[in-house]
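# Structural characterization, general
So the chains spell out like this:
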Amino acid sequence: GQVSEIVIEATGKDVVLFKTSMGRIANLTLRQLGTEKFCCVDIAQGRLEMEECDVTSQSLACVAIHGGADPRLRRNRIHDGKGSGVVVLGHGRGTIEDNEIFGHAGPGVAITERANPTLRRNRIRDGKGSGILVAQAGQGTLEDNEIFGNKSAGVAITNGANPTLRRNRIHD
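Residues numbered from 1 in each chain as written. Predicted model: local features only at pLDDT ≥ 70, side-chain atom pairs only at ≥ 80, totals over all residues. Heavy atoms only, no water.

### What about the nonpolar core?
Core analysis: the largest hydrophobic core is formed by 35 residues, its most contacted members being Val41, Met50, Val55, Val63 and Ile132. The dominant element in this core, judged by the number of residues it contributes, is strand S4 (residues 41–51), at 4 residues. If we skip the residues at most four places from it in the chain, valine 55 touches Leu30, Cys40, Val41, Met50, Cys62, Val63, Arg77, Ile78 and His79. (Core = buried A, V, L, I, M, F, W, Y, C linked by side-chain atoms within 4.5 Å. Buried < 20%, exposed > 50% of the residue type's maximum accessible area, 1.4 Å probe, protein only. Helix = DSSP H or I, 4+ residues; strand = E, 2+ residues; numbered from the N terminus. Contact = heavy atoms within 4.5 Å.)

### Description of a nonpolar patch on the surface
On the surface, a cluster of nonpolar side chains totalling about 250 Å² of accessible area is made up of Ile157, Leu165 and Ile170. Judged by relative accessible area, isoleucine 157 falls into the partly exposed class, the value being 45%. (Patch = residues over 30% accessible without salt bridge, like charges linked within 9 Å, V, L, I, M, F, W, Y side chains within 5 Å. Areas by Shrake-Rupley, 256 points an atom, 1.4 Å probe, with all protein chains shown as cover. Salt bridge = Lys/Arg side-chain N within 4 Å of Asp/Glu carboxyl O.)

### Points about unusual backbone geometry
Unlike most non-glycine residues, aspartate 80 shows phi in positive territory, near 55 degrees. Positive phi, close to 55 degrees, is recorded for arginine 167, a residue that is not glycine. Assessed through its relative accessible area of 53%, arginine 167 is described here as exposed.

### Examining the pairing of strand S3 (residues 29–32)
Of the strand pairs in this sheet, strand S1 (residues 7–10) and S3 are connected by 4 bridges, and their pairing is parallel. Paired with glutamate 9 across the strands is arginine 31, a residue of S3. Two strands pair when backbone bridges link them, and S3 and strand S5 (residues 54–57) are joined in this way by 4 bridges, in the parallel orientation. Residue threonine 29 lies in a different strand from S5, and its bridge partner there is aspartate 54. (Pairing = 2+ DSSP bridges.)

Structure below.
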């Protein structure tokens, strides 16, 4: 069926808690509906491939990557989160490419605590915070992204962060 017809929702827990070496999720709508402290997709280890999903959260981040996890997020719609769109922290890595990340209360993407992801060809837009926040010794490679229409900075770099930015379009 259509992505909009295949829905997994949760209240009082993460919709997906990924704690294994490898896996794949594709063509699903994932919704975190609670007000507690949960994420929609919590990637705690390994390599999850998540493709062409529609992801939102009424609690914490839509997607959290940590604990050295190294996922691949491709062609997803990550939107309208009460927190951040994607948070990469605690030595998290990952490749985040060709996604629409928009409409979040916090940063579209936050990279902290020595995390080092690659963000490529994403559209990060229309958030109430920064498009991308890199802080607390966060790193990362940001290439060919379009970052626009956010209420705060397109890219904010603070507290000993050291990302590499190449060919990004940051405007409005």
